[in-house]
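Now for the letters of each chain:
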Number of protein chains: 2
Amino acid sequence: MDGNMAMGVETEAGQAHLQHLERVGKGAAIADVIFGLVGRSQFFAEFSREDISVLAGYMNVYRAQAGETIIRENDGGDFMLLIIEGAVDIFKKGAREEQQHMTNVGPGMTLGEMSMIDGEPRFATCVATEPTAFAVLHRDDMAKIILDHPSLGSKILVKLVSMLSSRLRQTSARLLQYMERGLV
Amino acid sequence: MDGNMAMGVETEAGQAHLQHLERVGKGAAIADVIFGLVGRSQFFAEFSREDISVLAGYMNVYRAQAGETIIRENDGGDFMLLIIEGAVDIFKKGAREEQQHMTNVGPGMTLGEMSMIDGEPRFATCVATEPTAFAVLHRDDMAKIILDHPSLGSKILVKLVSMLSSRLRQTSARLLQYMERGLV
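Residues numbered from 1 in each chain as written. Chains lettered and ligands numbered in written order. Predicted model: local features only at pLDDT ≥ 70, side-chain atom pairs only at ≥ 80, totals over all residues. Heavy atoms only, no water.

**Topic: the pairing of strand 6 (residues 99-105) of chain A**
Residues and elements named next belong to chain A.
Step number 1: In this structure, strand 5 (residues 88-93) lies alongside strand 6, joined through six bridges in antiparallel fashion. By the bridge assignment, I90 is partnered in strand 6 with T103.
Step number 2: Count of turn residues in the strand 5/strand 6 antiparallel hairpin: five residues, of which E97 carries a positive phi of about 70°. (Pairing = 2+ DSSP bridges. Helix = DSSP H or I, 4+ residues; strand = E, 2+ residues; numbered from the N terminus.)

Right, dumping it as structure tokens:
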């Protein structure tokens, strides 16, 4: 994959951000578990078993205890993650540096896709609220998938565009509501 | 491209939405014009001349007069567009059905990517504020690019993910500001 695609190789830096968490193993070993989540996961809803097996081979699985921070706002980090089991709170700092709780997400949800693709600092903080297992996909492994399995690569990218579109529609609609209240 | 990728063939319906506008011709004929926009366009910043020539071959160019509606909120429509020259106002309906002005965009900007990928109704209304030329890419042509030019297809998709991420970060940051004001 060429450097123009803004997906450089930053694995070591990316993995450094995960060093405080327990590494369970390669995703390939848990392809069955990931496949079991298909029914619950917006992300994998249209992926075949073979797609998931290939993708799982590029992922690593980690475990976080309740209260452990998985991603910290403004940190670097070039991976996205898929929650396999457990639950994660999402916080974002307000103007006075206080943590605002944005939402809570569970198995089948993905986090961190924006930084995986655009390399910008993390937008929010993600904290496990119970023992949580998640599969990690790094930017350079995403680039390898695009090169080695272009059809699967496109499928993942189409899914990411679709998910981001959905979040952008929701967020814009909420913003519009607040803007309107401001006009009353 | 397989149907699992949620990119069905809807060209006729999509083109019906453009019938009121003047069709200028195939994008291939204006590859040079599109290439000339590279410096101004966030979308094409990392595309080679060859990439743009191939992509332009899948696009059609239309012209709208000042005041003409290009995309209408809640309509169907399976294309995205790249503004070549002119300017476009973006409106979204509020709770009382009044049109709220969201922003104004010019040459090099893209519109309608969300519906091209996810097939959901248009999120906002786009009206030309001066004579405006734009290149249109339909969903089925995007699917053909992914099949016939997988490397270019991935590059476009990575760019879409990156642009949507950027908009989502901006929109979420604005929403957070409004949420905070609500807490004062």
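This is not the end of the story, as more comes after the structure.
**Side note on the interface of chain B and chain A**
Step number 1: Residue-level contacts link 47 residues of chain B with 47 residues of chain A.
Step number 2: Of the roughly 4,500 Å² buried between chain B and chain A, counting both surfaces, carbon and sulfur atoms make up 69%.
Step number 3: If you look at where chain B meets chain A, you find two salt bridges.
Step number 4: A salt bridge links D118 of chain B to R169 of chain A; the nearest nitrogen and oxygen atoms lie 3.1 Å apart.
Step number 5: Where chain B touches chain A, the interface holds six residue pairs in polar contact (both at pLDDT 80 or more).
Step number 6: For the side of chain B that touches chain A, the secondary structure elements donating two or more residues are strand 5 (88-93), strand 6 (99-105), helix 4 (113-118) and helix 6 (150-183) of chain B.
Step number 7: Per-element tally for the side of chain B that touches chain A: the top contributor is helix 6 of chain B, with 23 residues.
Step number 8: The residue makeup of the side of chain B that touches chain A, split by class, is 24 nonpolar, nine polar and 14 charged. (Contact = heavy atoms within 4.5 Å. Buried area = accessible area lost by both parts, 1.4 Å probe. Salt bridge = Lys/Arg side-chain N within 4 Å of Asp/Glu carboxyl O. Polar contact = N/O pair within 3.5 Å; in protein donor to acceptor, adjacent residues only side chain to side chain. Nonpolar A, V, L, I, M, F, W, Y, C, P; charged D, E, K, R; others polar.)

**Some details on the sheet that holds strand 1 (residues 22-26) of chain A**
Residues and elements named next belong to chain A.
Step number 1: The strand order across the open sheet formed by five strands is 1-2-9-4-7, and the pairing between neighbours is antiparallel. Bordering the open sheet on either side are strand 1 and strand 7 (110-111), each of which pairs with just one other strand.
Step number 2: Note: strand 4 (residues 79-85) against strand 9 (residues 132-138), six bridges, orientation antiparallel. Within the sheet, the bridge partner assigned to E85 lies in strand 9 and is A133.

**What about the pattern of salt bridges?**
Step number 1: One pass over the full model with this rule turns up 18 salt bridges over all chains.
Step number 2: A salt bridge links K144 of chain A to D141 of chain A; the nearest nitrogen and oxygen atoms lie 3.4 Å apart. Here K144 of chain A pairs with D141 of chain A, and both are found in helix 5 (residues 139-148), just three residues apart, close to one helical turn.
Step number 3: Close ionic contact of K92 of chain B with E73 of chain B constitutes a salt bridge, the shortest N to O distance being 3.0 Å. In this pair, K92 of chain B is assigned in strand 5 and E73 of chain B in the loop between strand 3 (69-71) and strand 4 (79-85), connecting sequence segments 19 residues apart. With respect to class, K92 of chain B is no different from E73 of chain B; both count as buried. (Buried < 20%, exposed > 50% of the residue type's maximum accessible area, 1.4 Å probe, protein only.)

Remember that the coordinates give geometry; whether it matters functionally is a separate question.
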